[in-house]
Structures are given as C-alpha cells and as structure tokens.
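Chain by chain, the residues:
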Amino acid sequence: MRIVLWSAAIVALAILMGVVYEQAGRYRAARDFPAPGKMVDIGGRRIQLDCRGSGSPTVVFEAGLSAGGSLSWSAVQPKIAARTRACSYSRAGLMWSDPSDAPPSARQVAHDLHTALARAGERGPYVLVGQSLGGLFATSFTRHFGAEVAGLVLVDPSHPDQVARVADFMTETRSLRSRIAVSLAWSGLLRAAAPSLLPQARNQTARDAQAIRAFAPKSLSTQLVESDATDATLAEAGAFRDLGNRPLVVLTAMAPYTEAELRGMKITPEQGTQVQAIWKQLHEDEATWSSRGRQVLLPNAGHDIQFDDPDAVIDAVLSVVAVVRADLGAAPH
C-alpha cells in the first residue's frame with residue numbers, strides 16, 4: 001500500500017509539474033512573441049492580421065495546413081511589401097488568432113478573412129496567394145468575394161480530386177500518435193516535443209521557428225481539426241473551378257521526394273515518381289481554371305516552395321501584380 005501511495009504521489013506531482021510547465025509556456029509565448037501587425041475583432045473573437053507596405057493591388061497570403069499561420073510567409077512577404085501592400089494572417093486557432101466554435105470549412109475561412117480585412121480598413125483589389133490547402137481557401141474566397149479578387153498565385157496547391165487520383169498508391173491517414181499528443185497538450189508534453197515536431201525550415205529565421213514552437217500546443221490542435229476536415233474542404237472547394245480571366249500562376253514543386261517523405265507517405269520511390277506525375281497533372285488542370293492561367297515547374301523545390309525557393313514565389317506574385325496593374329491602369333502607389 002505504501003508503494004502504491006508513493007507511486008500515485010509521484011504521478012500526481014509529475015502531472016502538476018507538467019501543467020505548471022504548460023501554463024508558464026503559454027505566458028512566455030504571449031510575452032516573448034507579440035503578434036505582428038494587429039489583432040482584428042471580427043465579432044467576439046480576434047484574427048491576427050499583418051499588413052505592410054503600400055500600393056495596389058493588395059497581396060493577401062493564405063497559409064497551408066501548418067502551424068505557422070502568418071509566419072508561413074516570412075521569407076516572402078517583406079520583398080512583396082517593398083513593391084505593394086501585402087497582408088498575411090493566421091486562421092482561427094492558429095498562432096495568435098482566437099479559435100472559432102464553427103466547424104472548419106472553406107466558406108468559414110473566406111468569411112473570417114474577408115471580415116478581418118474589411119474591419120482593418122484594407123480594400124481590394126486583392127491578389128490572393130495560397131499554399132497547399134491554402135490554395136483552395138484562396139479559390140473559395142474568390143467564389144464568395146470574386147468582385148474583390150483580381151488575380152491569384154497558387155503555391156503547390158491542393159486539388160479537389162487529389163485523394164481519388166492517388167488512391168491506388170497511398171491512403172491519407174491521421175496519426176494516432178498526433179491525436180494523443182494533441183489531447184495531452186494541457187500536460188506540457190506537446191510543448192516539450194515541439195522542437196522535434198516543428199523543425200526550422202530553410203530560409204526561416206530562428207526567432208520565427210521559436211515563435212511557432214511557443215504556440216505549438218494551440219496551433220497543432222487547430223491543425224489536427226483542419227486536417228480531419230480536409231475531405232470535406234476538398235469537396236466544398238471542388239464545386240468552384242472557374243476563375244474567369246484573372247491572371248493565375250500555379251507553382252508546382254518537382255524536387256524528388258526525400259526518403260523521409262516517402263516513409264511518411266508509405267510509398268516506394270517508384271510510386272513516389274508516379275504520385276509526383278499525378279500532382280503535376282492536377283496542377284496543369286488548375287492552371288486551366290483561368291483563361292490566363294499558367295503553370296511553373298520548380299525542379300529544386302519541395303512542397304513548401306515559399307521556404308525552399310522564395311524567389312520563385314516572389315517573382316510569380318509580382319508578375320500577377322504587374323498584370324493586374326496593367327488591367328486596371330493602376331499606379332504602384
């Protein structure tokens with residue numbers, strides 16, 4: 001009985017220490033990494049919005065399925081902001097933004113972003129830049145607020161048909177380990193594991209990497225919810241594939257998959273080559289969604305092109321900005 005009591009006391013003490021560690025981590029995150037830009041009230045909750053520079057059109061960045069929020073564009077936004085107005089933001093529940101009680105959907109994301117931009121005093125025309133799943137969030141924004149969207153850049157974007165097209169090679173799964181880690185975020189375990197779960201990306205500053213890890217328990221919980229809703233998001237986004245004659249650039253990552261990526265996808269190198277060929281075809285299709293769409297292949301970039309080859313993203317965005325200015329007869333400032 002004495003051993004049982006001592007064991008229970010040790011477990012209780014460890015749990016208490018973990019809870020204290022997590023609460024201290026949340027306090028330090030808010031203290032050491034204040035939100036860049038401003039916190040915009042969109043009706044009882046706040047969205048972090050970071051707008052810089054001046055000029056028209058305004059470039060708006062939409063992150064993919066990641067924990068980085070607005071910091072997903074840290075290697076790109078400053079150079080775009082030197083040429084025109086540029087806004088990045090964190091979706092509900094990511095980084096500094098308050099979570100939403102509404103189920104995640106492309107429509108909800110579009111309305112959150114539109115409200116945040118409007119209440120912050122930002123105005124179109126917009127050039128939307130979306131990476132991965134953020135590409136479909138960008139096209140969904142165009143579906144609902146098309147009058148304000150003048151052009152798009154899709155950075156290795158998701159495609160509504162991607163799951164069906166790669167079903168013969170791989171099946172998307174949700175890691176049980178990730179679910180357990182997220183469910184124990186209150187205990188400090190997820191915070192302690194953050195450095196290994198969220199390594200520093202190429203062309204990412206050490207401070208940005210530290211900020212993302214500091215908010216990891218919150219952001220990774222949201223990321224898991226968004227991941228669970230991916231199939232519904234793909235279906236919702238697939239209902240809209242007409243971008244009219246807006247200038248559109250689709251950037252496709254063509255660097256061969258690494259061994260770690262192949263292990264994560266549970267496919268062979270040969271299957272990886274086939275999957276990548278399908279990915280290229282899907283992007284060819286997305287480029288046809290606009291009568292002025294084009295695809296650019298990037299042989300040395302992986303999925304996170306904005307970090308692997310930021311100059312390619314910058315060039316694509318500025319090319320669309322130039323076309324929009326020509327269309328509208330707009331001056332840079």
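Refer to the structure printed above.
Residues numbered from 1 in each chain as written. Predicted model: local features only at pLDDT ≥ 70, side-chain atom pairs only at ≥ 80, totals over all residues. Heavy atoms only, no water.

Re the packing of aromatic side chains
In step 1: Enumeration according to the criterion identifies four aromatic pairs in this entry.
In step 2: A centroid spacing of 5.2 Å and a plane angle of 50 degrees characterise the contact between F141 and F145, whose relative ring orientation is tilted. Taken together, the residues span about one helical turn, with F141 and F145 both in helix α4 (residues 133-145) at a distance of four residues. Assigned by exposure class, F141 and F145 land together as buried.
In step 3: Among the aromatic side chains, those forming a connected cluster through ring pairs are Y126, F141 and F145. (Phe/Tyr/Trp six-rings, centres within 6.5 Å; stacked < 30°, edge-to-face > 60°. Helix = DSSP H or I, 4+ residues; strand = E, 2+ residues; numbered from the N terminus. Buried < 20%, exposed > 50% of the residue type's maximum accessible area, 1.4 Å probe, protein only.)

With respect to the nonpolar core
In step 1: Grouped together as the largest cluster of nonpolar side chains are 35 residues, with contacts concentrated most on L49, L117, L128, F141 and L152.
In step 2: Listing elements by their share of this core, those giving two or more residues are β2 (46-52), β4 (86-89), α3 (106-119), β5 (126-131), α4, β6 (149-155), α10 (230-237) and β7 (247-253).
In step 3: Ignoring anything within four residues of it in the chain, the contact list for L49 reads P36, G37, K38, V40, C87, S88, Y89, A116, L117 and A120.
In step 4: Listed in part, the 28 residues of the second largest apolar core include A253, I305, I314 and V321. (Core = buried A, V, L, I, M, F, W, Y, C linked by side-chain atoms within 4.5 Å. Contact = heavy atoms within 4.5 Å.)

Observations regarding unusual backbone geometry
In step 1: Here the amide bond leading from S56 into P57 is cis, since omega sits at 5 degrees, within 30 degrees of zero.
In step 2: Turning to its location among the elements, P57 is positioned in the loop between β2 and β3 (58-62).
In step 3: Looking along the chain, the bond that leaves G124 and enters P125 is cis, with omega of 10 degrees.
In step 4: Tracing the sequence through the fold places P125 in the loop between α3 and β5.
In step 5: A positive phi angle is found at D156, which is not glycine, with a value near 45 degrees.
In step 6: Tracing the sequence through the fold places D156 in the loop between β6 and α5 (162-165).
In step 7: The phi angle at N203 is positive, at roughly 60 degrees, despite the residue not being glycine.
In step 8: Along the chain, the position of N203 falls in the loop between α7 (189-197) and α8 (206-214).
In step 9: Its relative accessible area of 46% is what places N203 among the partly exposed residues.

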